Amino acid sequence: MARMRSLIAALGWYAAPLAVAVVLALLVLGPALGPGVVLAYDLGWSPDPRLTPFVTGTGSVAPRAVPSDAVGVVLGRVVGAGAAQTIVLLAVVILAGLGPVALLRRLRPQVGVLGRCAAATVGIWNPFVAERLAIGQWTIVLGYGLSALGLRAVLGWRAGTTRLTVVCGCIGAAALGGANTLLMVVGPVVLLTIWPARWTPGPAPLARLRAGLSIVAVTLGLAAVWALPAIAADVRGDPVGGRAFAARPDTPFGLVVSLLSGGGMWNQASHPAPRAALLPAAAATALVMMVVAIAARVVRLDARGRGATIAVAASGVLGLCAVAVSGLEPLAAGWARGLDLLPGGALLRDSQKLLAGWVLVLALASGLAVERLWRRPGQDPTRVLAVVLALLPLAVLPTLAWGVGGRWRPVDVPGDFRAAAAELSTRPPGLVAVLPWLQYRRYPWNDDRVALTVAPRIVDQPVLVSDDLLTWAGWVRGEDGRAALVREAIDAGEDPVTAVRRAGARYVFIELDSAVPLPSTSEGTIVHRSATVLVVDLGEVRVRPPAGPARWPIRVGWAVSLFTEASVLAGLGFHRRFSGQLRVNPLLPFGT
C-alpha cells in the first residue's frame, strides 16, 4: 500500500511537466510526424526495414550507425518504418524535457509545478537541442536526456536508495544510441560516482572506486559492437577533424558566450537564425545570466541537497570548459593534436556534444529560478516575472518550432528507388558501389534537402560508399581504405565505374537524380533502370580487390555487447524482484 501511494505521488509530481514535454515535442516535430520518413542531414532512415550489412556494421571499417540503426530497423519491422521513426523522435524529445525534471526531483523535490514545467521547457527549448536536431543527430539528443537520468541514478546510489544496477541500466539504454550517446552518459556518471564524499555524501572511497570500475567494465562490454571493429582495423581519424568539428560561435558575442547560452555547434548550417541577430542573442544571454544567478542564490541560502547540486553543476562546468578549449585559439591547436595522439580520440573531435551537461545545468537553474520568484511572499509582480521567465525561452528561439524550423518533413521514397534496392538485395552476393561518389545527396523528391544517401540502409548487400565529409575546414577523410583508393582514382581523372570496379565492386547503384553527371556504364549488364536509379551488374570480380573489413570483430563485438546488455537487463530484474534481499549482483564484474 505504501509503495502504491509512493507511485501515485510520483505520477502526480511528473504530470504537469510531462504534459509540457509532450506539447513541446509535438510543437518541435510538427510535420515530421506525418506519413513517410524524414531524411535530413545525418538522419538516415530506410523506408523498408532491412538488417543490411551497413545497419549491422558487417560491411563497415568503423561502424558509426551501430547499433542505433539496428534498433530502428527492429522497431520498424514491428510497427513500420515511418511509425518507428515517429516513436523514436517523440521519445527522444520528450526525454530531453523529462530528464532535467527527474534530476530536479532528486535534488530539490520541494520545487513546485511552475518550476518543474520551466525545467522541462528549457530542457527541450534550447540551442543545443535545436542545433542537433537541425542536422538530424537524434542520438546526441538521446544522450543529453539520458545523462540526466544517469546522474539521478548515481545520486540515488550515493544516498543508498538506488542500486548500482539502475545506474548500469541507464548506461545500457545509452548504448542503444551508439558511441556518442554512450560517451555522453558515461563521462558524467563516472565522475559523479567517484566524486569525493567530503562534498557530497556517499559510500567509502573503495566502494566508489569499485562502482566506477563496474560502470567502466559494463561500458566496455556495451561498446564492443563498434569498438572492436575499429580497433581491429586500426582506424585513425583524419587529423583535420579536430579543427573541423571544433565548436564555433553562433552569436555575435563570440564562442564563450555562445557556449554559455547552450549553442556553438561546429556546423554553421545548424545555427538558428535568431542566434545571429543581436537582440535575440542578447536576450538569450541575459536570460542565462539571470537564471544562473538566481539559482546560485537559492543553493547558497538553502542547504538542502547543496552538495549534490554543486556536484552536478561541476560536471556541467567541466564539460563547458572542455568545449571552450577545443574552439579557442591557441588552445584549439593543442586540443586537435591531443585527439590525434589519443587512442579513440576521434570520438571527442565533435567536442560540442560535451556541452550537454552544462545545458542540463541551465534547465535545472531555470526551474530553481522560476520557483524562487514564484514563492517570494507578498510579491505579485515577481509571480508575473516567474511566468514570463518560464515562457521566455520559447520567444528567444522561435525557429525550433514546427519541424525544426521547417527542416524536417517526411517524404515517400520513390517506389522505383525502393524496387531497385529490393531487386539488388536478391541478387547473388557482391559488393555494391554507390555513385555519385558523395556521402550526402540533395534528392529532388526530398525537396533538395541535404541528406545521407539512402542506399546503404536499404540495399541488403555490402555497400561501398564515400565516407569523406566536406566541412568549413575542408575535406575530412574517412577511414575505409577502399573508399580512399576510389576517391584518389576519381580525383586523378579515372572513370568512377572503373575506379569502383578495381576496388572490388560487382554492382553499381547509380542515383540518377542527384544533380551529378552520369558515369559511363558501357561495361556490365543493366539490372534495373528507372527514373531515379540505374543498377548495373559488372560481373564477377576477376582481380584481387583491396581487403575489406574483417567480419569476426563485428560478430564478436555484437556477441559481447548483446551479452552485456542482457546482463544489465537481468540485473535490473533481480534488483526489482529481490530488492529487499539482494546485496551483490553477480552479473556485474565488481558487484553492487
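Note that this is a predicted model, so its numbers are computed, not measured.

Conventions adopted
- Residues numbered from 1 in each chain as written.
- Predicted model: local features only at pLDDT ≥ 70, side-chain atom pairs only at ≥ 80, totals over all residues.
- Heavy atoms only, no water.
- Helix = DSSP H or I, 4+ residues; strand = E, 2+ residues; numbered from the N terminus.
- Rg over C-alpha atoms; globule rule 2.2 N^0.38 Å.
- Buried < 20%, exposed > 50% of the residue type's maximum accessible area, 1.4 Å probe, protein only.
- Contact = heavy atoms within 4.5 Å.
- Lys, Arg positive; Asp, Glu negative; His and termini not counted.
- Charge placed at Lys NZ, Arg CZ, Asp CG, Glu CD.
- pLDDT = per-residue confidence, 0-100.
- Pairing = 2+ DSSP bridges.
- Expected span 1.5 Å × (residues − 1).
- Phe/Tyr/Trp six-rings, centres within 6.5 Å; stacked < 30°, edge-to-face > 60°.
- Lys NZ or Arg CZ within 6 Å of the ring centre and 35° of its normal.

### Topic: the overall build of the protein
Scanning the protein for helices and strands turns up 24 helices and 9 strands. At 25 Å, the protein has a C-alpha radius of gyration in line with the 25 Å of a compact globule built from 592 residues. A principal-axis box enclosing the C-alpha atoms of the protein has dimensions of 85 × 55 × 50 Å. Going through the 592 residues of the protein one by one, you find that 55% of them count as buried. Counting only contacts in the protein whose residues sit at least 6 apart along the sequence, the fraction spanning at least 24 positions is 76%. Each charge sign in the protein was given a centre, from 53 positive and 33 negative side chains, and these centres are 16 Å apart.

### Observations regarding unusual backbone geometry
In the segment running from valine 66 into proline 67, the intervening peptide bond is cis, with an omega of -5°. Cis rather than trans, the peptide bond between glutamate 329 and proline 330 has omega equal to 0°. Take proline 330: it is sitting in the loop between helix H15 (306-327) and helix H16 (331-341). Here the phi dihedral of aspartate 447 falls at roughly 55°; this positive angle occurs in a residue that is not glycine. Examined against the element boundaries, aspartate 447 turns out to sit in the loop between strand E2 (440-442) and strand E3 (450-452). The exposed category is assigned to aspartate 447, whose relative accessible area is 52%. Unlike most non-glycine residues, aspartate 448 shows phi in positive territory, near 60°. Tracing the backbone through its elements, the reader meets aspartate 448 in the loop between E2 and E3. Classification of aspartate 448 as partly exposed rests on a relative accessible area of 42%.

### So, the confidence of the model for the protein
Taken over all residues, the pLDDT of the protein has a mean of 91, while the share at 70 or more is 94%. Here residues 577-592 is a poorly scored stretch, pLDDT under 50, and it has 30 contacts once near neighbours within four places are set aside; other chains count.

### Notes on the pairing of strand E1 (residues 431-435)
Judged by how many residues are buried, E1 sits mostly within the fold: 5 of 5 residues are covered. Note: E1 against strand E7 (residues 505-511), 5 bridges, orientation parallel. Among the inter-strand pairings, leucine 435 is bridged to a residue of E7, identified as isoleucine 510. Judged from the 2 bridges that link them, E1 and strand E4 (residues 463-464) form a sheet pairing that is parallel. Residue pairing in the sheet places valine 432 in a bridge with valine 463 of E4.

### Comments concerning the environment of tryptophan 358
Mapped onto the elements of the fold, tryptophan 358 is located in helix H17 (residues 356-374). Considered as a pair, tryptophan 358 and glycine 30 are 328 residues apart in the sequence and their alpha carbons are 27 Å apart. Beyond its immediate stretch of four places on either side in the chain, tryptophan 358 contacts Leu259, Leu260, Gly316, Val317 and Leu320.

### Here we look at helix H7 (residues 138-159)
Since the α-helix turns once every 3.6 residues, residues separated by three or four places project in the same direction. An ideal rise of 1.5 Å per residue puts 32 Å on 22 residues; H7 measures up with 32 Å between its terminal C-alpha atoms. When you tally the buried positions in H7, you get 19 out of 22 residues, the bulk of the element. Looking at the residues trailing H7, positive phi occurs at glycine 160, about 85°.

### Notes on the packing of aromatic side chains
Applying the stated criterion to the full structure yields 8 aromatic pairs. An angle of 55° between the planes, with centres 5.7 Å apart, marks the rings of phenylalanine 128 and tyrosine 144 as tilted. Here phenylalanine 128, found in helix H6 (residues 127-134), pairs with tyrosine 144, found in helix H7; they are 16 residues apart in sequence, far enough to count as distant. Assigned by exposure class, phenylalanine 128 and tyrosine 144 land together as buried. Pairing phenylalanine 417 with tryptophan 445 gives two aromatic rings, centres 5.9 Å apart and planes at 65°, and the pair type is edge-to-face. Residue phenylalanine 417 is found in helix H20 (residues 415-425), and its partner tryptophan 445 is found in the loop between E2 and E3; the two are separated by 28 residues along the sequence. Taken together, Phe417, Tyr443, Trp445 and Phe509 form an aromatic cluster joined through their ring pairs. The ring of tryptophan 13 is capped by arginine 116, whose NZ or CZ atom sits 4.5 Å from the centre of that ring.

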